[in-house]
Amino acid sequence: MKTGLVTSDTYQNHNTGEGHPEKIDRVSVILENFKKLNNKNLIWKKPSKIKNKILEAAHTPDYVKFVQNSFPKKGLSFLDGDTIVSPGSKDATIDAAGSIIAAIDGVQNNEFANAFCAVRPPGHHAEKNKAMGFCIYNNVAIGAHYLLEKFKLNKVAIIDFDVHHGNGTQDIFYNNKKVLYISTHQYPYYPGTGTENEKGKYNNIFNIPLPAGTSSEEFLNAYEFVLKKLNEFKPEFILFSAGFDAHEDDPLAQFQLKSKDFYDLTKRTLTLSKLHCNGKVVSILEGGYDLIALQNSAEMHVNALLEFD
Ligand SMILES: [Zn+2]
């Protein structure tokens, strides 16, 4: 089977400034590696051109307008303490959101079985009306809304294995029973949300907070709960918020995962997905700040996607 790899050159022009961890090389190292591996079953695709209406399914129109007026003519501009935009961020932000749309359309049209979007900026901290934690548009939430509205799905699952809690995704779907949001994350930690008591209006949110120092074995044991909830929900489509900052080498957090763990969790999820949605899975990059760990972990994750049959 084939896997889509959706990406764009515009991410190279999203400049976050000297020394910022969410740097240009993050996507470049992932792409260099996939170019080198040259797997014929990996189908490279560009993001879709999208209109504001697609963004406004997840964000308020005022917020979209605010973002679109925030890009400086030169230099850098701050949307929050650590969320920075440059002139090139205008195209990068729209392409990051347009990537998940292209990936979903590709799966729905049988161009490929599943897909990975190598994008920046990431999205899962961006709330309905707030940029935060390097995130501007909530790419995965935009994708989930697109599945509900364009394809009239009623059950979309988002699995967020980034080491940080996806407060933005939780915010956007807190009152939406059509979307199951499950997050594993270091807790207590940035952004401060993600307790087990945050369940959503329809019990559609499941947070799995884990302590600093969580090992591969502890993480994969906890991941069984993700699979259990996924199995109960019977999703029609699965989206991954794929952050690789739970890796032991990541400088921003303190989990102890190895690159291969991302293969294992992906493989287990895909096996389960066969029962409910015939392996319809789209994954989008969130965090991951050690370049070698990020490159290896993304390869492991995509290897599991490529093996789906
Ligand atoms: Zn993260």
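First things first, this report covers the structure right here in the doc. Since the structure is predicted, the reported quantities are computational estimates derived from the model, not experimental observations.

**Quick notes on helix 4 (residues 89-108)**
Alright, step 1. In this model helix 4 runs 29 Å from its N-terminal to its C-terminal C-alpha over 20 residues, within 8% of the 28 Å that 1.5 Å per residue would give.
Alright, step 2. Among the 20 residues that make up helix 4, 17 are buried, leaving the element largely enclosed by the rest of the structure.
Alright, step 3. Directly after helix 4, the chain includes asparagine 110, whose backbone phi takes a positive value near 60 degrees.

**Brief notes about unusual backbone geometry**
Alright, step 1. Note that the residue after arginine 120, namely proline 121, is joined by a cis bond; omega there is 0 degrees.
Alright, step 2. Residue proline 191 follows tyrosine 190 across a cis peptide bond; omega there is 5 degrees.
Alright, step 3. Note on placement: proline 191 falls in the loop between strand 7 (179-186) and strand 8 (205-210).
Alright, step 4. Residue asparagine 110 is not a glycine yet carries a positive backbone phi of 60 degrees.
Alright, step 5. The exposure class of asparagine 110 is exposed, given its relative accessible area of 66%.
Alright, step 6. At asparagine 203, a position not held by glycine, the phi torsion is positive, near 55 degrees.
Alright, step 7. Structurally, asparagine 203 is set in the loop between strand 7 and strand 8.

**Details of the coordination of the zinc ion**
For a metal with four tetrahedral donors the ideal donor-metal-donor angle is 109.5 degrees, while six octahedral donors give ideal angles of 90 or 180 degrees.
Alright, step 1. At the metal site, the zinc ion is ligated by Asp162 (OD), Asp162 (OD), His164 (ND1) and Asp245 (OD), and these contacts range over 2.0 to 2.7 Å.
Alright, step 2. Every donor counted, the 4 donor atoms about the zinc ion form angles of 53 to 154 degrees at the centre, which fits irregular coordination.
Alright, step 3. Along the chain, the residues donating to the zinc ion fall in the pattern D-x1-H-x80-D. Of the two residues, aspartate 162 sits in the loop between strand 6 (156-160) and helix 6 (167-173) while aspartate 245 sits in the loop between strand 9 (237-242) and helix 8 (259-277), which places them 83 residues apart along the sequence. With respect to class, aspartate 162 is no different from aspartate 245; both count as buried.

**Considerations on the pairing of strand 9**
Alright, step 1. The buried count for strand 9 comes to 6 of 6 residues, which makes it a mostly enclosed element.
Alright, step 2. Neither face of strand 9 is open: one carries Phe237, Leu239 and Ser241, the other Ile238, Phe240 and Ala242, and all of them are buried.
Alright, step 3. As paired strands, strand 6 and strand 9 are joined by 5 bridges and run parallel to one another. Across the sheet, the residue bridging to aspartate 160 is serine 241, located in strand 9.
Alright, step 4. As paired elements, strand 9 and strand 10 (residues 281-285) share 5 bridges and run parallel to each other. Its bridge partner lying in strand 10, isoleucine 238 is registered against valine 281.
Alright, step 5. In this fold, strand 9 hands off to helix 8, which returns the chain to strand 10; that crossover is right-handed.

So, how was this worked out
Residues numbered from 1 in each chain as written. Predicted model: local features only at pLDDT ≥ 70, side-chain atom pairs only at ≥ 80, totals over all residues. Heavy atoms only, no water. Helix = DSSP H or I, 4+ residues; strand = E, 2+ residues; numbered from the N terminus. Expected span 1.5 Å × (residues − 1). Buried < 20%, exposed > 50% of the residue type's maximum accessible area, 1.4 Å probe, protein only. Donors = N, O, S within 2.8 Å, 3.2 Å for Na, K, Ca; no water. Tetrahedral: all angles 85-135°; square planar, octahedral: opposite > 155°, others 65-115°. Pairing = 2+ DSSP bridges. Right-handed = clockwise from strand over helix to strand, strands pointing away.

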